[in-house]
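# Observations on the model geometry
Residue strings, one per chain:
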Amino acid sequence: MESYVLELLEKGKRIDGRKFDEFREIRIEENVVQKAEGSASVWLGETHVIAGVKLELGTPYADSPDQGVLIVNAEFTPLASPDFEPGPPGEDAIELARVVDRGIRESECIELEKLCITPGEKVWCIFVDISILNHQGNLLDASALASLVALRNTRIPKLEEDKIIRGEYEGKLPVRYKPINITVAKIGNALLIDPSFEEEKVVESKVSVGVRDDDKICAIQKQGSKEISFEEIDKILDLALEKSKEIRKLVK
Amino acid sequence: MKKSEEKLIVKGKRVDGRLPEELRNIEIKVDVISRADGSAEVAFGNTRVIASVYGPRALYPKHLQEYESSILRCRYSMAPFSVDERKSPVPDRRSIELSKVIRLALEPAIFLEDFPKTAIDVFLEVVQADGSTRVTGINAASLALALAGIPMRDLVCACSVGKVDGTLVVDLNGKEDNFGEADVAFALMPSKNKITLLQMDGLLSKEELKKLIGMAKEACKKIYELQKKALREKYKVRE
């Protein structure tokens, strides 16, 4: 299979017939979990991830006493792939969660300063939990998209004397931007958008770029075990900037 | 974003008196651990990291072995006393991610295919942290690999760049890392002119990012010269 992917790429073709800069079919379903304060299911082709947002009360970080707290976690559930095993998150799951976290945090898309209840004492903690349900490649873009959509439909629970009343809400989580993560895979001379599982097996390098609405870049992570050239980085940034606009249109 | 109480750039100078494109004082020591196959200690200002390499050595349990190449394993760890608030010695999520990106930054330079069924272990210990620990660690690790006699395509040189108070700067210290607007970790194979590490967080336009990558490349070339000097010094024929 791997050599077939490479053979086709040399002829300018992808194994599933897509153009090099074409995403698989993207499907987004909102509010898929009623128990969560916000949630979304995202499919990139057959890749399926679900992101849920829960809000809890907690103490702020010492260096930002008047801001809410954001925590992103990802679970590569063993039902999603024969390669995933039960147990605590491995380095790939941790890396994915941290890159998604950076895209959300550094884009400043959540107005964390509006989530303070008592400065230095009590703030809202936003837990974004990502569950991978089917691994057919490009988990990062799917997870970032699901997290963003989930955050944008998150409602803030009602508080009565500093106690959370579950199931009742007062207002929405303030999310002002739509940062989009675009992963570009390099295989030989080809730069591919939205690599599938088969393509990821022969990927030399992958670069994930987080782009905010104003074309500011908010996160980058190079992955893969091969080096990459300056020209390729340049092309990847251009591709990511262009593609992010297309994906952002899908987000309400 | 966290805001700093003080200005990080005053009259064109940084909190530690450097110019924007100036590296901190770099100190390199080789063979600092006699039991290791190769080792090096690199300091960028107050940031100090020790790297040691063991291997290629037999890898057990057997199912971990690769039949056509060696496997590279990296462990980045921060000493509990290396930071202001004591850090628990248990690997946290940050250390696990950094161990992975450091491994991937070094891997392209090593002829892993020459040593099937073995492992090459790289251990990094941050003794003191004042920003840019991962790139300091990569510089030390690349030297330690060379000193262990492991065949390499190139050395790997790394540095951080970023945006602080609106100014693009090289080699971020702890304060700049914490309170700056953006930081980029970058590693280069200088002879091959290829990038092996690129991470960014913060907010940058594409133009700023491209300029920073250019600045990082120049800084890495300076570090490359220092690395080569340290290696030559060791293998110098003495009268």
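Residues numbered from 1 in each chain as written. Chains lettered and ligands numbered in written order. Predicted model: local features only at pLDDT ≥ 70, side-chain atom pairs only at ≥ 80, totals over all residues.

### Describing the environment of P157 of chain A
Looking at where P157 of chain A falls in the secondary structure, it is placed in strand β7 (residues 155–160). Assessed through the 20 C-beta atoms surrounding it within 10 Å, P157 of chain A is described here as buried. (Helix = DSSP H or I, 4+ residues; strand = E, 2+ residues; numbered from the N terminus. Buried ≥ 20, exposed ≤ 12 C-beta atoms within 10 Å, placed from the backbone.)

### Observations concerning the pairing of strand β3 (residues 47–58) of chain A
Residues and elements named next belong to chain A. As paired strands, strand β2 (residues 38–44) and β3 are joined by seven bridges and run antiparallel to one another. Counterpart to L44 in the pairing with β3 is T47. As consecutive antiparallel partners, β2 and β3 are separated by two residues, and within that stretch G45 has a phi angle of approximately 60°, a positive value. Here β3 runs beside strand β6 (residues 122–134); their pairing, made up of eleven bridges, is antiparallel. Following the sheet pairing, I50 is matched in β6 by S131. (Pairing = 2+ DSSP bridges.)

### Looking at the packing of helix α1 (residues 93–106) of chain B against helix α2 (residues 133–147) of chain B
All names here are of chain B. With their axes 10 Å apart at the nearest point, α1 and α2 run at an angle of 45° to one another. The orientation of α1 relative to α2 falls into the category oblique. α2 is crossed by α1, and the crossing has right-handed handedness. In this structure, α1 contributes L98, I102, A105 and L106 to the contact, and α2 contributes R134, G137, I138, A141, S142 and L145. Looking at the contact of α1 with α2 residue by residue, the classes come out as seven nonpolar, two polar and one charged. (Axes fitted to C-alpha atoms, helices over the stretch in contact; angles between N-to-C directions. Parallel < 35°, antiparallel > 145°, perpendicular 65-115°, else oblique. Left-handed = near helix turned anticlockwise from the far one by under 90°. Contact = placed C-beta atoms within 7 Å. Nonpolar A, V, L, I, M, F, W, Y, C, P; charged D, E, K, R; others polar.)

### Considering the sheet that holds strand β11 (residues 205–211) of chain A
Read from one edge of the open sheet, eight strands run β10(A)-β9(A)-β11(A)-β12(A)-β11(B)-β10(B)-β8(B)-β9(B), paired in antiparallel fashion. Looking at strand neighbours, the two that pair on one side only are β10 (190–193) of chain A together with β9 (167–170) of chain B, the edges of this open sheet. Averaged over all neighbouring strand pairs, the angle between strand axes comes to 20°, with direction disregarded. With seven bridges joining them, strand β8 (residues 157–164) of chain B and strand β10 (residues 182–189) of chain B adopt antiparallel strand pairing. By the bridge assignment for β10 of chain B, A158 of chain B is matched with A187 of chain B. Taken strand by strand, helix α3 (residues 139–152) of chain A contacts β9 (180–187) and β11 of chain A, and its axis lies near 175° from that of β9 of chain A.

### Notes on the confidence of the model for chain B
For chain B, the mean per-residue pLDDT works out to 95, and 97% of the residues sit at or above 70. Interface confidence for the predicted complex, expressed as ipTM, amounts to 0.90; the pTM equals 0.93. (pLDDT = per-residue confidence, 0-100.)

### Comments concerning unusual backbone geometry
All names here are of chain B. Residue P56 follows G55 across a cis peptide bond; omega there is 0°. If you trace the backbone, P56 turns up in strand β5 (residues 47–58). In this structure, N193 takes a positive phi of about 55° despite not being glycine. With respect to the secondary-structure elements, N193 resides in the loop between β10 and β11 (194–204). N193 sits in the partly exposed class, given 13 other C-beta atoms within 10 Å.

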